[in-house]
Structure formats: C-alpha cells, structure tokens
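A closer look at the structure
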There are 2 protein chains.
Amino acid sequence: MAGTWTVDDHLADVLRSVRPLEPIELHLLDAQGCVLVEDVLASVSLPPFDNSSMDGYAVRADDVAKASEDEPVVLEVVGDVAAGSGTVPDVGPGRAARVMTGAPLPPGADAVVPVEWTDGGTGGGPVDTMAAHSADPSGAGGEVRVHRPVEARQYVRDKGGDLRAGAVALEAGTILGPAQIGLLAAVGRATVRVRPRPRVVVLSTGSELVRPGLPLGPGRIHDSNSYVLTAAARAAGAIAYRVDAVADDATTLRTVIEDQLVRADAIVTSGGVSVGAYDVVKEALTDLAGTALGGGLPEESDDRDRGRDGDGDGHEDGPDREKGRRKPPPPTRSVEFRRLAMQPGKPQGFGLVGPDAVPLFALPGNPVSSYVSFELFVRPALRALMGLDPADRRTVRARVEPDDSAPLTSPEGKRQFLRGRYEPPADGEEIGTVRPVGGPGSHLLGSLARADALIVVPERTTEIARGDELEAVLLD
Amino acid sequence: MAGTWTVDDHLADVLRSVRPLEPIELHLLDAQGCVLVEDVLASVSLPPFDNSSMDGYAVRADDVAKASEDEPVVLEVVGDVAAGSGTVPDVGPGRAARVMTGAPLPPGADAVVPVEWTDGGTGGGPVDTMAAHSADPSGAGGEVRVHRPVEARQYVRDKGGDLRAGAVALEAGTILGPAQIGLLAAVGRATVRVRPRPRVVVLSTGSELVRPGLPLGPGRIHDSNSYVLTAAARAAGAIAYRVDAVADDATTLRTVIEDQLVRADAIVTSGGVSVGAYDVVKEALTDLAGTALGGGLPEESDDRDRGRDGDGDGHEDGPDREKGRRKPPPPTRSVEFRRLAMQPGKPQGFGLVGPDAVPLFALPGNPVSSYVSFELFVRPALRALMGLDPADRRTVRARVEPDDSAPLTSPEGKRQFLRGRYEPPADGEEIGTVRPVGGPGSHLLGSLARADALIVVPERTTEIARGDELEAVLLD
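Since this is a predicted model, take the numbers as computed values, not measurements. (Residues numbered from 1 in each chain as written. Chains lettered and ligands numbered in written order. Predicted model: local features only at pLDDT ≥ 70, side-chain atom pairs only at ≥ 80, totals over all residues. Heavy atoms only, no water.)

What follows concerns the overall build of chain A. A tally of helices and strands in chain A yields eight helices and 29 strands. Computed over the C-alpha atoms, the radius of gyration of chain A is 32 Å, more than 25% above the 23 Å expected from 2.2 N^0.38 for a compact globule of 476 residues. The principal-axis extents of the C-alpha atoms in chain A amount to approximately 95 × 65 × 40 Å. Out of the 476 residues in chain A, the part that is buried amounts to 55%. Taking all contacts inside chain A whose residues are at least 6 apart in sequence as the whole, residues at least 24 apart take part in 73%. (Helix = DSSP H or I, 4+ residues; strand = E, 2+ residues; numbered from the N terminus. Rg over C-alpha atoms; globule rule 2.2 N^0.38 Å. Buried < 20%, exposed > 50% of the residue type's maximum accessible area, 1.4 Å probe, protein only. Contact = heavy atoms within 4.5 Å.)

This is the structure in structure tokens:
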C-alpha cells in the first residue's frame, strides 16, 4: 500500500489512465447521449427544395400586386400541391396552385398567399381554413379570390436556407440530444459513428451479503452496494450489469472478474479493500502478474482487439466494432490500493486489468463510502470513456445550516463529504443553504437516501459553524 | 376549431386531463427514476446487529482502560469474527477477538480497538494492517498487545442506529435514485410499488416523409420529427416506441393509432394539424364518436382495465398490473384542435382516445414547432403520468445578446420561443447571457441543433434590444 493520496491526485491519476472507448456505428436512436466522432456533412440541402411555409396558394407575386379586400384578384386554380405529391402543376400567369406547408413551390410561382388572405375558393369572403381535399376535391380547381398582395419569395422557404448540401451539419465532438438526432435524420443518416456507452460490471464482495428478498441469517446483511452502484452507473450514462455478491474468497473473486471481462468496459467492486484479514479484493488483485487479469501482453498480439468485439454474443456490440484494425497497445498497470485523504472513502483500489486494460475500481464497502467514491472517481471516469467532460455535477456555494447549534467537526488534512439537503437561494439571496442530514458515519444509508447534495469540507477546515459557506455538489 | 388559447391555459387543460398511471410492482433496478406509491417500512433494523466500524479487536473496554504505548495491555485472541462468519467466539475478561468492519460485535465485548492501535498479534510495535487470514491463519489466535484505551461502545455501530425495524424507510412520493434504491435493498426489498414509466408511441405523418437512410425522391424529405420526439420522450423518462411515418390518409392513420393503443400510455403525432386540405390528423381525429378511438364506454364495463394489462404480450407489464381491480372510469374527451397564442407551435391537437382514455398529442409538423410543443406540453404531461412534478426544466433570467445590433421582433399577443445558447453568469455577474441562434423560422432544424435554451418572449413584448432581460428555459 502506497502513501496517502489527495482526492485530486487520485482523480487525476484515474483520468490519466482512462482512454475514450473506440467509436462504433450506432443506429440514430441508440446514439442518444453519445459523442459524435465524425464531422457529419449534409448529403442533402435543408430544405431540399423551395417550399411553402404556409397552407395557401402558390402565385406569381406580380399577378396579385394590386389585390385588396375591396378588389380581390381572381386566379384560376390549376391543381393541388400537397407535401409529397408526385406531380406538380405549372403556375402560368393568372393562375394559382393550392399549396400546403412544406410542399414544393410549383414551377412558375414565386410566392405563396396564405389561405387566410383568400376566399379559399368559396367565392365568398376571407376564410381561415381549407376544406379537406378528401371531403371536397373540387377545391383543387375552380377560382380563388386573393385579398392581399404578397412580395416575391414571401412565404417561400429557400432550398438550403437552413443548411446547404455539403456543409457540416454537426461537428465531431457534438453530444447527441433530441435536436441533434433530428438533424442527422433530416440529412438522411440512419446510423452514426459515436463513442458507445461503457458497459460496467458491478459486484459487491462479502460473505455476509444476502440478496434482497431473501431472509437474513445471523450476522448477515442485505447487499445494497451493488444496487446503488448499478443505478449510479446507469444515471451516469453507462450500461450496467449487476452481478450477485461474491463471497470473501480471493480465487472465486478472481474467477468472477475474469469471466465478466468479456462484457466489461469498466469493473466496479465494493468491499474488501481495507486493512482487515478478510479483505479479499485487495488480496485477489494486488499481484496480478502471471494471471489472466494481468496486463502486459506481447505488443504484436492480435488479441488486443478481442475485448469489445469478441464476446461472441453480439450483445451491445454495434454493427462495426473496428474488427481487425490495429489499435495502439493499452497502457498496463496493476491494481494499486491506496489510502486517500478523504472521509468517507479512505481505502481505494484502482488499476487496469486483463488484456484490454479494463479500468477496475475497487471501492470501499461501507455504503456511503462506496457511493461517494463512485461520485468522485467512477462517474468522471465513465464520462471520460464516453468522450464527455468528466466533470458534470453542478457545484454551488451554499451556507451550511446545521440542525442544532453545535459546530460540526471535520478531521484535519482530510477532505470530508457530508450528506446534505440543498435549498436554492430565496428571492433576493445570492446563495442557497445546505443542511447536513445524518451523522458522518459511513454506514448511514438512511441519511444518504434523504440527501440531495454532498457538502465538501476542505482539508484545512476542522470546524464548521452555522452560516459558514462551503461548496455543495448537487446530486440527481 | 375553437378560439385562441394561451400557452398557460392549454398546458393547464392538458394537465387537468392527465392522471398518474396506476402503480405496478417492479424489480428495484427497474424502478429507477420512478415515484414510490407506498410507505416502505424497514422489516429489519439497519444495522441489523451491533457491529464493528473498524478492522481491529473486539474487547472489553475495562480491560484496556490503562493501555498505553509504553505499557500495552496483552489480551488472548480467541478467534476471528469476519463479516458473515457463522460462529462468533465469546470474549471473556482478558480476551479479545479479531473483528472485521461490519462483523457482529461478539458476546462479552463492548468496544473495538482499531488494528492500528495494536501490534496486530505480531509481538512487535504498532501495525497498520492485518495479515490476510488466508496467508496467516495464526492471526486468529495467540496474543495481541493493545497500545491505547477505548471507551465502551467505541467503534461499535448500534443495531438500529441508522433505522429501526418497523420505521418508515422511505415515504410514498419519494423518487427512487441510486441511494433510495440502495436503502430499499438494505431493508430487504427485491421489488417495490411505483408508478411506471409511460409507454409513448411516436409517429410522424406526411406523404412526403422518407425514412433516413433511404434516397429522397422529388418533393420528399427525410422524417426527422419521429426521431426528435422519440429521443425527447426518452429524455423525459418515458419508454418510447417510434413508428414509421404514416402517409396522409385519414383511414390509415386511424388504423395505425388503433393498433398502437395496446402499448400506449400516450400517443404523440406530428404534422397534419393545420388549416391545409391534407391535414389528415385533424381530419382523422376530429370526430371519433362511434369509432374504436372514441371514448365513452358504458360505465360498468370491465374492459376499462384492459389497456395496460391486456396487451397479451406481457411486454413492459410488471408482475402486478392491478388486474381485476375496478378503477374509476377515465374521463373521456374528444381530440380538440386549437390555435395557440404562441410561435412556433400555433396549431395543436389534444384529447383522450380509446377505451382507456389515452392522452393523444397532435403536434404541428414543422420540426421546431413539434419540438417546442413537446417541451411545453408533452414533457410535463409525461412527468405527470409518472406522478412527478410536471415542471422540471430549469429556467433562468438572462440578458439577450443578439449577434447583430438590429432589434429582434416578436408578434404582439403571442408568446415566442426563440432558440438560444446560454452562457452562465461570469464571475461577479448576477445573470448570464443568452444568444439567439438562427431565425424564427420553424423549419430551422440546423439552428435548433445548436441551441441549448429556449428564450421566452412574453406576449406583450414586440421588440427585444441587446441587453434586455428575458427568461430562458435550459434544455438538456
């Protein structure tokens, strides 16, 4: 075990070791939340053709220049232009075509008169709607009275006015939300090249753990960490697989991790990392040289590409996992167990395991410790795997309002993370307040479940009085 | 078509018509993000038994009251208490048991000495870790020197100290995030009763629409709305099903919607709601009396319970869909098509369809209009279906910074939603800035994809100058 690390140094070390996942081609809707790795060029213009922005009549602007309520211009209606209609009538002088929003501007016309500025072909006064074609096909013929003039190009959307064919629709690095996915669809893309969501295997360790729903024997507790961490991994954007708790046996644990590697872009364990005589995670992972979990493959091996592609079941694999393309060999480093200058979460293990150098986070087993560790180290790493900014939690300054007047204490030299409930600033206030919930005990899951923020007590602070300003990390 | 509605009145009308979905029992990890509908009582105490908060030695505090570096107290080690170990040795006077974090406090002991305050059984000075039991089983016997005293109950976590058996672990109404799911697991719950995520069927209408990936013919465009709306529904927490675009034919559309009802808690269409002659959504849904989509079932019918339970495929249905329990008859109301005093998004249809009164949102077809309509009306409704607060988007005051110095205009009497990019307040500033991107045209998907905020221009505002303060809705 090395010396004591600061929170910042440990995080920096984790992030230095984690590289974004290799991109894959995904169907549009499967790429939501992912980062684009290519500049996407528009293969068509948006709009692809001049089209009407109104339901109305396509006309020649010159023909209706003198139209007014009192002296409407009468045009002959030569047909309908519905969106998607195959044939488009020619609009000669003195003529009009009924045109729908989004439908192509027919040849000869240079403007659109909204239906509300016409009699809609009824022969009466202004109307505010067209009769449905299915109910009254005669609307596509006859005459229309136009009550107001339009300018040339009025109510016409120009071809390419939103985006020209060949231009960059979205740049590499864009995060794909609903609007970006819509733009990709609009330029005709069915699939897109992105960094995939990481597949995270979560497992608790401990012979005392019983699956929820089963009765507890003496000295037993229900496994909760694997549920917290699986949910937290999903909240961070990962595809998470929860594995049932593993008993405190180093050989078993190593076998389970080896088995899970085929579907893992990251592995998160909890428990077994401290100074006890049964801390098997530390025992199982401290020296991996010569084991299947050890790194250090020969540099020429093609096995390097096996990880994400070769799990055999095709699950979560996209159509194109870069088979056969030689990647630079991953950095290899063993799993190191450290003491961190933080509370909770002092003991932490981190390293890269297996031939593909999969990041493994060995988190402490106390429920609050493992959750706080996930937030501080695993969540940023999962985001880095996706190519996202590792830091995404909103942090705010807030005034601490303890429930009683006794000052809170914090150990010198350690960064403490208290659980709190945050209240945004009241009207006229600049900063909000945060109220600690529960004590500092790292087993207090009940209080954690009432918290929506982590209060950050800096290393040098040993006492917090009512009204002190601290930073709070806002949780979902 | 009724008269003009304000944005607020339309939203209020939608929310009045939408009732939270009936609760179902879901596995813990499937309930993430859902609202609990029951008070969950702890069936076990947390912790379930007195246990150690440290790796160390369980002792009688009186035995080590005079321990010091110079004069350590020597105790006989009677065995190990690992977490989950079956047998627990008695700790008599002058004795100690090696105990691990989380393991039960053995009978006779009343405190724990951390291993760092002992020689770890080595016979030497203070140690900072235990030897692994697997490597050195002798550590469970022999003697240990204790260098510091402990108080009674020190480093002992009291049974029930976090939560007592029988107490409320989580109250009805709690939203289940990682910590709450963890607490439910800890008290032994494998499943939990929540309001499920709504299943939303999304379909675009329009004969001009071509699926992305296929070539465009003349006058055709790629379907993008169904992609935007499916992604937006997922971002809102729904389970969304995208249906391929339906051509402009009222009978076909009605059939597709009827078919989709079995898997729909809400239906979202786009297009076909304006004043054109081919606006088939309006045509298909305006009068549903006597059709399968009409409401108004006889009040005694058992068919009311069919919707979510009876789709026959079991998909998305939990183990307990309240079969056979009589629910109050749903309100029935036809689909109404309205003009809203907003831009974009003027034409909107909303109603309840089918025997289960499924909310149907008929959104306008312009890409920006349909997206903005979703944000304003559908997202709040989907949240209401889940039992969540309908309003969840963060809104901020921001200074408008147009790219050029010409003032922006907005139609009087309409609430306008401009697309913008938001910059949070700089240091020392109280509010951030928002820069409009693209023009007001509701077809400008390219600009929408560069926006991260909607700028809200109130109904009475007709001009916006640089530096004016407006509200901005922050999007994901």
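Right, picking up where we left off after that structure.
Moving on to the interface of chain A and chain B. With 81 residues of chain A in contact, the opposing surface of chain B contributes 81 residues. Around 6,200 Å² of area is buried between chain A and chain B when both sides are counted, 61% of it from carbon and sulfur atoms. Looking at the side of chain A facing chain B, the largest losses of area belong to L29, V275 and Y278 of chain A, adding up to 10% of the total buried there. Counting across the chain A and chain B interface gives two salt bridges. Its salt-bridge partner being D128 of chain A, residue R339 of chain B comes within 3.1 Å of it at the nearest N-O pair. For the interface between chain A and chain B, the tally reads 36 residue pairs in polar contact (both at pLDDT 80 or more). With eight residues, helix 2 (residues 178-186) of chain A is the largest single contributor of residues to the side of chain A that touches chain B. Looking at the side of chain A that touches chain B residue by residue, the classes come out as 39 nonpolar, 23 polar and 19 charged. (Buried area = accessible area lost by both parts, 1.4 Å probe. Salt bridge = Lys/Arg side-chain N within 4 Å of Asp/Glu carboxyl O. Polar contact = N/O pair within 3.5 Å; in protein donor to acceptor, adjacent residues only side chain to side chain. Nonpolar A, V, L, I, M, F, W, Y, C, P; charged D, E, K, R; others polar.)

What the rule picks out here adds up to four aromatic pairs over all chains. A centroid spacing of 5.0 Å and a plane angle of 45° characterise the contact between F350 of chain A and F361 of chain A, whose relative ring orientation is tilted. Note that F350 of chain A is positioned in strand 21 (residues 347-353) and F361 of chain A in strand 22 (residues 358-363), a separation of eleven residues in sequence. Here the aromatic rings of W117 of chain B and Y155 of chain B are separated by 5.7 Å at their centres, their planes lie at 75°, and the arrangement is edge-to-face. Here W117 of chain B, found in the loop between strand 9 (111-114) and strand 10 (143-146), pairs with Y155 of chain B, found in the loop between strand 10 and strand 11 (156-157); they are 38 residues apart in sequence, far enough to count as distant. When its relative accessible area of 13% is taken as the criterion, W117 of chain B is described as buried. Since its relative accessible area comes to 25%, Y155 of chain B is described here as partly exposed. Across the ring face of W5 of chain A, the terminal group of R338 of chain A is positioned such that the distance to the ring centre comes to 3.5 Å. (Phe/Tyr/Trp six-rings, centres within 6.5 Å; stacked < 30°, edge-to-face > 60°. Lys NZ or Arg CZ within 6 Å of the ring centre and 35° of its normal.)

What follows deals with the packing of helix 2 of chain A against helix 3 (residues 225-235) of chain B. How two helices pack is summed up by the angle between their axes together with the distance between the axes. The interhelical angle for the contact between helix 2 of chain A and helix 3 of chain B, taken along N-to-C directions, is 155°, at an axis separation of 8 Å. By the angle class used here, helix 2 of chain A and helix 3 of chain B are roughly antiparallel. By crossing handedness, the relation of helix 2 of chain A to helix 3 of chain B is classed as right-handed. Residues P178, I181, G182 and A185 of chain A of helix 2 of chain A lie in contact with helix 3 of chain B, whose contacting residues are Y227, V228, A231 and A232 of chain B. (Axes fitted to C-alpha atoms, helices over the stretch in contact; angles between N-to-C directions. Parallel < 35°, antiparallel > 145°, perpendicular 65-115°, else oblique. Left-handed = near helix turned anticlockwise from the far one by under 90°.)

Before going further, it helps to examine the sheet that holds strand 21 of chain A. Residue and element names in this part refer to chain A. The strand order across the open sheet formed by seven strands is 1-19-21-22-18-14-17, and the pairing between neighbours is mixed. Of all the strands in the sheet, just strand 1 (4-5) and strand 17 (239-246) have a single pairing partner and so form its edges. Across six bridges, strand 14 (residues 199-205) lies against strand 17 in parallel orientation. Directly across from V201, in strand 17, lies its bridge partner Y241. Helix 3 (residues 225-235) rests against strand 14, strand 17, strand 18 (266-270) and strand 22 of the sheet, and its axis sits at about 170° to strand 17. (Pairing = 2+ DSSP bridges.)

As a further point, take the sheet that holds strand 3 (residues 35-36) of chain B. Within a beta sheet, neighbouring strands are joined by backbone hydrogen bonds and run either parallel or antiparallel to one another. Residue and element names in this part refer to chain B. With antiparallel pairing, the three strands of this open sheet are ordered in space as 2-13-3. A strand with exactly one partner marks an edge of an open sheet, and here the two such strands are strand 2 (24-27) and strand 3. Pairing of strand 3 with strand 13 (residues 191-195) involves two bridges; the strand directions are antiparallel. Bridging from a neighbouring strand, L36 pairs with V194 of strand 13.

A word on the relation of the copies chain A and chain B. Placing chain A over chain B gives an RMSD of 0.0 Å and needs a rotation angle of 180°, together with 0.0 Å of translation along the axis. Taken together, the rotation angle and the small translation identify this as a two-fold axis. Distance from the rotation axis, computed per C-alpha, reaches its smallest value in chain A at E430 of chain A: 4.2 Å. Looking at chain A, 100% of its interface residues are interface residues in chain B too, so the copies touch through the same face. (Least-squares fit on C-alpha atoms with pLDDT ≥ 70 in both.)

This part takes up the pairing of strand 26 (residues 432-436) of chain A. Residues and elements named next belong to chain A. Only one face of strand 26 is covered, namely the one carrying G432, V434 and P436; the face carrying T433 and R435 has none of its residues buried. Where strand 23 (residues 395-400) and strand 26 come together, three bridges link them in parallel fashion. The residue bridging A398 from the neighbouring strand is G432, located in strand 26.

On to the pairing of strand 23 (residues 395-400) of chain B, then. Inspection of the sheet shows strand 23 of chain B paired to strand 29 (residues 469-474) of chain B by five bridges, in the antiparallel sense. Bridging across to strand 29 of chain B, V396 of chain B finds its partner in A472 of chain B.

All names here are of chain B. By the secondary structure assignment, Q348 is in strand 21 (residues 347-353). By relative accessible area, which is 2% here, Q348 ends up buried. A polar side-chain atom of Q348 sits 3.0 Å from the main-chain carbonyl oxygen of G345. With residues near it in sequence (within four places) discarded, Q348 still touches H10, E336, F337, R338, L340, A362, L363, P364, S373 and F377.

Residue and element names in this part refer to chain B. Of the residues making up helix 4 (residues 250-260), those classed as buried are A250, L253, V256, I257 and Q260. The buried residues of helix 4 all sit within an arc of 125° when viewed along its axis, so they share a single face. Facing away from the buried side of helix 4 by over 90 degrees, the exposed positions are T251 and D259. Against strand 14 (199-205), strand 17 (239-246), strand 18 (266-270), helix 5 (280-285) and strand 22 (358-363) lie the buried residues of helix 4. (Arc of directions from axis to C-beta.)

We now examine unusual backbone geometry. In the segment running from Q343 of chain A into P344 of chain A, the intervening peptide bond is cis, with an omega of -5°. Cis peptide bonds are those with omega within 30 degrees of zero, and the linkage from L46 of chain B to P47 of chain B qualifies with -15°. Positionally, P47 of chain B belongs in the loop between strand 4 (40-41) and strand 5 (51-52). With a phi angle near 75°, R153 of chain A is a residue other than glycine that sits in the positive phi range. Judged by its relative accessible area of 36%, R153 of chain A falls in the partly exposed class. The phi angle at A357 of chain A is positive, at roughly 55°, despite the residue not being glycine.

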